[in-house]
Amino acid sequence: MRIRDYLAVPYILEAETVEVSPGLWCSHVSYPELPGCAVQAFVVEDALRQLERLRIETIVAMVASGQMPPLPRPPLQHCDPVWVAAEAGVQRELIAQIAQDAPSSGAAR
């Protein structure tokens, strides 16, 4: 499998609102199937964007180190990891690495 395939795996997302101090609440979101993929932010949209960026960075780092990311479900067939990475604010160098992993045109997936 390629990095793009791992990035197309639909992981379970958990979200909850937590009280971080009396009267102060924030959003806690995580991908419990991926190690260390959890973030908190006061705005839920910020939390989701940060979590998506962390998911991508975690998967790319795992593959780069020779680890196989968890595969609880098969990759989605119609997913554009380059677009998702760009929307999540991933560094350009990492986006380029994901884009290089693309299948050549006409190749079977």
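Preceding this section is the structure that the text describes.
The paragraphs below set out a description of the structure included in this document. Counting restarts for each chain, with residues numbered from 1 along the sequence as it is written. Reporting of local features is limited, given that this is a predicted model, to residues whose pLDDT is at least 70; pairs of side-chain atoms are given and counted only at 80 or more, and all residues count toward the totals for whole chains, interfaces and linings. Water and hydrogen atoms were dropped before computing side-chain values, which therefore reflect all heavy atoms in the structure.

## A look at the state of the cysteines
As a reminder, the rule being used: Defined by distance alone, a disulfide is two cysteine sulfur atoms within 2.5 Å. Accessibility here uses a 1.4 Å probe with only protein chains present; expressed as a share of the type maximum, an area under 20% marks a residue as buried, one over 50% as exposed, and anything in between as partly exposed.
Taken as a whole and judged by the stated rule, the model has zero disulfides. Cys37 provides the cysteine sulfur closest to Cys79, a residue in no disulfide bond, and the two sulfurs are 15 Å apart. Under the relative-accessibility criterion, Cys79 is labelled partly exposed at 21%.

## What about the side chain of Arg55?
Our working rule: By definition, any uninterrupted DSSP run of H or I lasting at least four residues is a helix, any uninterrupted run of E lasting at least two residues is a strand, and each is numbered from the N terminus. Two N or O atoms form a polar contact when they lie within 3.5 Å of each other; inside protein one atom must be a possible hydrogen donor and the other a possible acceptor, and for residues adjacent in sequence the pair counts only when both atoms belong to side chains. Residues are treated as being in contact if the distance between any of their heavy atoms lies within 4.5 Å.
Mapped onto the elements of the fold, Arg55 is located in helix α2 (residues 44–64). Classification of Arg55 by relative accessible area gives buried; the value is 5%. Engagement of the side chain of Arg55 in a polar contact is seen with the side chain of Glu52, the distance being 2.5 Å. Residues in contact with Arg55, not counting those within four places in the same chain, are Tyr6, Leu7, Val9, Tyr11, Tyr31, Leu34, Cys37 and Val84.

## Things to note about helix α4 (residues 92–100)
Rule in force here: Arc, as used here, means the arc of the directions from the helix axis to the C-beta atoms.
If you check which residues of α4 are buried, you get Leu94, Ile95 and Ile98. Take α4 and look down its axis: the buried residues cluster within an arc of 100 degrees, on one side only. Summarising the geometry of α4, the exposed residues directed more than 90 degrees from the buried face are Arg92, Glu93 and Gln100. On the buried face of α4, the contacting elements are α1 (3–7), α2 and α3 (81–88).

By themselves, these are just geometric observations and shouldn't be taken as functional.
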